[in-house]
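# Fold and geometry: a report
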Protein chains: 2
Amino acid sequence: MLNQTEYATSTVLVQKRVFALNNLELECGSTLTDVRFGFECYGQLNSSRDNAILIPHYFTGSSHVAGRYRESDLEPGYWDLLVGPGKAIDTNRYFVIGVDCLGNVNTGNPDVVTTGPKSINPATGQIYGDEFPELLLTDSVRAQCALVDSLGIETLHAVCGPSMGSMQALTWAAVFPDRVKKVVGVIGGGLATEPYLIALLEQWCIPVRYDRTEGLINALELVTLNALSPNWGYEMFAKYKDKMAILRALRDTAKARAAVSDPESFLRLARTVQKYDIRAKADRIKAEILWVPSRSDALIFPQFAERGIGEMKSLGLRVTEFWLESDGGHLDGLHAILPAAGPISQFLSKP
Amino acid sequence: MLNQTEYATSTVLVQKRVFALNNLELECGSTLTDVRFGFECYGQLNSSRDNAILIPHYFTGSSHVAGRYRESDLEPGYWDLLVGPGKAIDTNRYFVIGVDCLGNVNTGNPDVVTTGPKSINPATGQIYGDEFPELLLTDSVRAQCALVDSLGIETLHAVCGPSMGSMQALTWAAVFPDRVKKVVGVIGGGLATEPYLIALLEQWCIPVRYDRTEGLINALELVTLNALSPNWGYEMFAKYKDKMAILRALRDTAKARAAVSDPESFLRLARTVQKYDIRAKADRIKAEILWVPSRSDALIFPQFAERGIGEMKSLGLRVTEFWLESDGGHLDGLHAILPAAGPISQFLSKP
């Protein structure tokens, strides 16, 4: 395994690709046509085509799991600490596929490709807006399966993802039980979105309903706050004479995020996550599961993961847990994931 | 001490009273005239006038600490578990005074009396609205001190309060160090509102700024959610086929609260709490302090209390801590306070 310095200096260049699908039948009964979403690959598919790991993303994420698109990119993909040559999800060994979900919120980011409320409805030539049909995570997973089929992959070695990515990973294992060997769910709850989180997600949406532009900034302030730890800002702002400075910092961050985000997609994707619930089909899951919650999570609280693990175990699923014990909140599943690198690497490589 | 059944069946009738003050000079430099606020008393002031305990309230609370106004009242005061004859704050022994803060949000509740944004400005004959001057907790504390003076009380045996009440209790001890012997702060942070909480309070205000009526309901949904535990709703709603039922339950609660609340007062009181910061004068505190945080608090997070206790100790203040270990969140400081009854009783009675 690489040391910290090698992690920091490693740069892998990766290319964004686009997958197109003529038709996708949705759970709600509608059919989407001309479906497109982005993906990117790391490492090589082996000759037996059994070393693929699919990585769906978190709520405001994208397919950009690791590496950089351009040498000049300031930041690598969100799980660059975890995915790359010699890293826990070792691209010398595994063929890693990052995917954009349907209805991705970052429609203003040129590196994101998605079919969602901001797309043109082929039937009308107009932007869907709130005419876009109801989307469930199962729909995104079915679209991803078409991509996996097109790559000639029958069985995924694993589906791994943080937060909303962990929901998609479990959905994969429940919908296609024979095609997923392992699941790694990071900063996830369990088999369904808990009522308290449903209510929090609703609070994210409220300002957007009042004002699509300004309200989206407000919403992304709350998203940012909920994803951070209650410790966030203490070192930086508590010593300020003007403690209100935190409000400006939060607003600047949210403003930058809102500039590339679509309010309709935000509202719809929040609803998609609220509706996540695979309890009725979870007993179909055959995959072995590694669950990696964060003890300081103030969004998907540790209680949710504890109950989720309990429910999985009570269904007889093979689940082991590894807790992130740092104090950075939900985002530790991205930025402080290194303590889980060993357990994830071992989980993926054991027979 | 009483047992659970005796607690539940005890009913003390209490009368709401009104204190009037001609002038109150505020920290901001303005002077309020015709200041009125409510208070209520339990027990008897002894002849040496040294057995008084003042109890300021939490953000959406009032002076109604214990007992009932009328036999027909469905609920007793918020700390009825703690305050009454034979209880931890024993009204056979102490003379307890509950007070309404200035700018109390429950202006539509006939049992609440407060001077705030919803009051008539004597200078104009119009409702203050956003002309109401900036209010700090120090101002409420100075008004309370005038009440204490009027009752002929020189030294308070203790100031005790939950949440925003704990902030007022510490403010009392910092502003009037020779007039407060003990402080009991329940579900409080420390000497100042932490940056993260400042940002959360700002989120409470956002919907109110969009729409004074509907937005106040939204705001009180978030207040309710933040004050509850992440476990709230699980038992009740997770098993529902329609998990979204939690949204209606939360809305019904918030709607009832909004019906008696004033949006301007809400916005201003949130700002008052954001600005709470007695760090510069905390070294003046002479009172002995008992701090009672809640381990599962998802509003004033345990980290805030840990840091607060650390800061108090580093100033040489005499502070002991007792943690509520139940899993009900911030509200455990009201509804699950009984485990702290023994420690509070002992703390108050030791010489």
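The model shown is predicted, which means the values in this text are computed figures rather than measured ones. Numbers given to residues run from 1 along each chain, matching the order in which its sequence is written. Going through the entries in the order they are written, you letter the chains from A and number the ligands from 1. Local features in this predicted model are restricted to residues whose pLDDT is 70 or higher, and side-chain atom pairs enter the listing and the counts only when it is 80 or higher, whereas totals over whole chains, interfaces and linings include all residues. Note that the side-chain values use all heavy atoms of the structure and ignore hydrogens as well as water.

### A few points about the pattern of salt bridges
Side chains that differ in sign of charge can pair as their charged atoms come close. Residue and element names in this part refer to chain A. Salt bridges are defined as contacts in which a side-chain nitrogen from Lys or Arg sits within 4 Å of a carboxyl oxygen from Asp or Glu. Scanning the model with the defined rule gives 42 salt bridges over all chains in all. Note that Asp149 is salt-bridged to Arg179, the shortest N-O span being 2.6 Å. Remark: Arg179 occurs in the loop between α3 (164–175) and β10 (180–186) and Asp149 occurs in helix α2 (residues 137–150); sequence separation between them is 30 residues. Residue Arg179 is classed as buried on the basis of its relative accessible area, which comes to 13%. Its salt-bridge partner being Glu214, residue Arg251 comes within 3.0 Å of it at the nearest N-O pair. On the criterion of sequence distance, the pair formed by Arg251 in helix α7 (residues 245–259) and Glu214 in helix α5 (residues 214–227) is long-range, its members being 37 residues apart. Categorising residues by exposure relies on relative accessible area from a 1.4 Å probe, with only protein chains included: less than 20% of the type maximum marks a residue as buried, more than 50% marks it as exposed, and the intermediate range marks it as partly exposed. By relative accessible area, which is 28% here, Glu214 ends up partly exposed. One salt-bridge network, held together by shared partners, links Arg70, Asp73 and Asp111. Strands are runs of DSSP state E lasting at least 2 residues, helices are runs of H or I lasting at least 4, and numbering of each runs from the N terminus.

### Notes on the packing of α2(A) against α3(A)
Residue and element names in this part refer to chain A. The contact between α2 and α3 brings their axes to 9 Å, and the two run at 70 degrees. In terms of axis orientation, α2 runs roughly perpendicular to α3. Of the two elements, α2 crosses α3, and the hand of that crossing is right-handed. Contacts from Leu137, Thr138, Ser140, Val141, Arg142, Gln144, Cys145 and Val148 of α2 reach α3 at Met164, Met167, Gln168, Thr171, Trp172 and Val175. Basically, the charged four are Asp, Glu, Lys and Arg, the nonpolar ten are Ala, Val, Leu, Ile, Met, Phe, Trp, Tyr, Cys and Pro, and anything else, Gly included, counts as polar. Looking at side-chain class alone, the contact of α2 with α3 contains eight nonpolar, five polar and one charged residues. Angles here are taken between N-to-C directions and fall from 0 to 180 degrees, while the axes themselves are lines fitted to C-alpha atoms, restricted in helices to the stretch in contact. Between 65 and 115 degrees an angle is taken as roughly perpendicular, under 35 as roughly parallel, over 145 as roughly antiparallel, and anywhere else as oblique. Crossings are sorted by hand: turned counterclockwise from the far helix by less than a right angle, the near helix makes the crossing left-handed, and turned clockwise it makes it right-handed. Any pair of residues with heavy atoms lying within 4.5 Å of one another is described as a contacting pair.

### Here we look at the interface of chain B and chain A
Taken together, the contact between chain B and chain A spans 49 residues of the former and 49 residues of the latter. Three residues stand out in chain B for area buried against chain A, namely B:Tyr196, B:Tyr210 and B:Lys243, and they jointly supply 19% of the buried area on that side. Summed over the shared surface of chain B and chain A, the result is zero salt bridges. Think of a polar contact as two N or O atoms within 3.5 Å of one another; within protein, one of them needs to be a possible hydrogen donor and the other a possible acceptor, and neighboring residues in sequence only count if both atoms come from side chains. The tally of links from chain B across to chain A stands at 18 residue pairs in polar contact (both at pLDDT 80 or more). Counting residues per element, the ones that place at least two in the side of chain B that touches chain A are α4 (195–210), α5 (214–227), α6 (234–237), α7 (245–259), α8 (263–274) and α9 (302–314) of chain B. For the side of chain B that touches chain A, the element with the highest residue contribution is α4(B), accounting for 10 residues. Residue composition of the side of chain B that touches chain A, grouped by class: 26 nonpolar, 10 polar and 13 charged. Using a 1.4 Å probe, buried area is obtained as the accessible area two parts lose upon being combined, added over both of them.

Bear in mind that shape data such as this cannot, by itself, settle questions of function.
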